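Each chain, letter by letter, is given below.
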Amino acid sequence: MNRNELVDMILNGTGVFRDLLRHDDTGGEGPGTYEDWSDTDVVGHVVGWMNYSIDKLSSLKLGTQQSQEYQGLTTLDEINARIFDTYRGASREDIESRYLDSLGSYIRIIAAYSERDVNSDSFDTGFSMVMWRYMLMDTVIHPVQHALYHFLKRENYERLECALRRVSDLFELYSDDHAGYRLSEFSVDSDRFRPRFKALKEMFPDSRCVAAFVRANLSESE
């Protein structure tokens, strides 16, 4: 993997996520809650985690001091709640600006890493993967997983299938066992979501990426 290829993949993959801000998926329900995020809440969550990743990458490569913003928080849920509170109530325009700023900062920190660096697994990122996969995870895989879950929760199967088609090549490059499709942060293998996966499969019976997405998320595909 070279850095130009990585940046091209990130710009292509983030297009799916940026599309979240071009539609109103709230269904007229008003602002989201921590239990039921709006599309702007989803983007705010991703901005928070991308900034956290940028901070880590800067520390690993440039030796900068890591932020103490999340000091004292011991669980992912605590961090997610802090991020939610940080961006709650942001306008669509403001959250889009923040996201694009974070994306630009991420691409700039990638430029600090050499070709050898992005293919190395020696950096202590907290994940046992080569650096380019870690970078792709935080810029594309994790954000798009949130978009896919958001569409599934809203039963917006057309947008979900369109997103899957657009990112299938990247997701399969990231992991050849379709692990990128697995919505492990969410309780989707449940009675609440099984009918939604079934409806998705019935709407797109010939879609290879839909089939892979369903298999990755249900212990027993129906």
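Coordinates for the structure precede this section.
From a predicted model like this one, the values you see are computed outputs, not experimental measurements.

Definitions and limits used
- Residues numbered from 1 in each chain as written.
- Predicted model: local features only at pLDDT ≥ 70, side-chain atom pairs only at ≥ 80, totals over all residues.
- Heavy atoms only, no water.
- Helix = DSSP H or I, 4+ residues; strand = E, 2+ residues; numbered from the N terminus.
- Rg over C-alpha atoms; globule rule 2.2 N^0.38 Å.
- Buried < 20%, exposed > 50% of the residue type's maximum accessible area, 1.4 Å probe, protein only.
- Contact = heavy atoms within 4.5 Å.
- Areas by Shrake-Rupley, 256 points an atom, 1.4 Å probe, with all protein chains shown as cover.
- Salt bridge = Lys/Arg side-chain N within 4 Å of Asp/Glu carboxyl O.
- 1 Å grid on protein atoms, 1.4 Å probe; cavity = no way out; pocket = protein on both sides within 12 Å on 5 of 7 lines; lining within 4 Å.
- Points joined across faces, edges and corners; volume = space filled by probe spheres on them.
- Nonpolar A, V, L, I, M, F, W, Y, C, P; charged D, E, K, R; others polar.
- Axes fitted to C-alpha atoms, helices over the stretch in contact; angles between N-to-C directions.
- Parallel < 35°, antiparallel > 145°, perpendicular 65-115°, else oblique.
- Left-handed = near helix turned anticlockwise from the far one by under 90°.

## Let's talk about the overall build of the protein
Thought 1: The secondary structure content of the protein amounts to nine helices and zero strands.
Thought 2: Put simply, the protein runs from its N terminus to its C terminus through helices and strands in the order α-α-α-α-α-α-α-α-α.
Thought 3: For the protein, the C-alpha radius of gyration of 17 Å lies close to 17 Å, the compact-globule estimate for 222 residues.
Thought 4: Summarising its shape, the C-alpha atoms of the protein cover approximately 50 × 40 × 30 Å along the three principal directions.
Thought 5: Looking at the protein residue by residue over its 222 residues, the buried ones come to 50%.
Thought 6: Sequence separation of 24 or more characterises 72% of the internal contacts of the protein that already satisfy a separation of 6 or more.
Thought 7: Entry remark: accessible area of the protein is about 11100 Å², with carbon and sulfur atoms responsible for 46%.

## With respect to the pattern of salt bridges
Two side chains that carry opposite charge are able to pair once their charged atoms sit near each other.
Thought 1: Under the defined criterion, the tally for this structure stands at 10 salt bridges.
Thought 2: A salt bridge links R3 to E115; the shortest N-O distance between them is 3.8 Å. Linking R3 in helix α1 (residues 3-18) with E115 in helix α5 (residues 115-118), this pair joins segments that are 112 residues apart in sequence.
Thought 3: Its salt-bridge partner being D19, residue R166 comes within 2.5 Å of it at the nearest N-O pair. With R166 in helix α7 (residues 157-174) and D19 in the loop between α1 and α2 (39-62), the pair connects residues that are 147 residues apart, well separated along the chain.
Thought 4: By relative accessible area, which is 37% here, R166 ends up partly exposed.

## Quick word on empty space enclosed by the protein
Thought 1: Within this structure, the stated rule accounts for two cavities of 30 Å³ or more.
Thought 2: Counted as a void, the largest cavity has a volume near 50 Å³.
Thought 3: Lining the largest cavity we find W37, D41, G44, H45, N80, I83, F84, Y87 and R88.
Thought 4: Examining the composition of the lining of the largest cavity, we find that four residues originate from one element, helix α3 (residues 76-87), more than from any other.
Thought 5: Within the lining of the largest cavity, the residues separate by chemical class into four nonpolar, three polar and two charged.

## Considering the packing of α2 against helix α4 (residues 92-110)
Thought 1: In the contact formed by α2 and α4, the axes pass within 9 Å of each other and the chain directions differ by 25°. With respect to α4, the element α2 is oriented roughly parallel. As α2 runs across α4, the sense of the crossing is left-handed.
Thought 2: In the contact of α2 with α4, the residues fall into 12 nonpolar, seven polar and three charged.

## Comments concerning the layout of surface pockets
Thought 1: Of the volumes computed, that of the largest pocket is approximately 560 Å³.
Thought 2: Lining the largest pocket are 20 residues, and of these F127, M137, D138, H142 and E185 lie nearest its centre.
Thought 3: Among the elements of the structure, α2, α3 and α6 (131-153) are those that each provide at least two residues to the lining of the largest pocket.
Thought 4: With six residues, the top contributor of residues to the lining of the largest pocket is α6.
Thought 5: Residue composition of the lining of the largest pocket, grouped by class: nine nonpolar, seven polar and four charged.
Thought 6: Approximately 410 Å³ is the volume found for the second largest pocket.
Thought 7: Taken together, 16 residues line the second largest pocket, and the ones lying closest to its centre are Y34, W37, Y149, E185 and F186.
Thought 8: Broken down by element, the lining of the second largest pocket gets its largest block of residues, four residues, from α6.
Thought 9: Each residue belonging to the lining of the second largest pocket can be placed in one class, and the counts come to six nonpolar, four polar and six charged.

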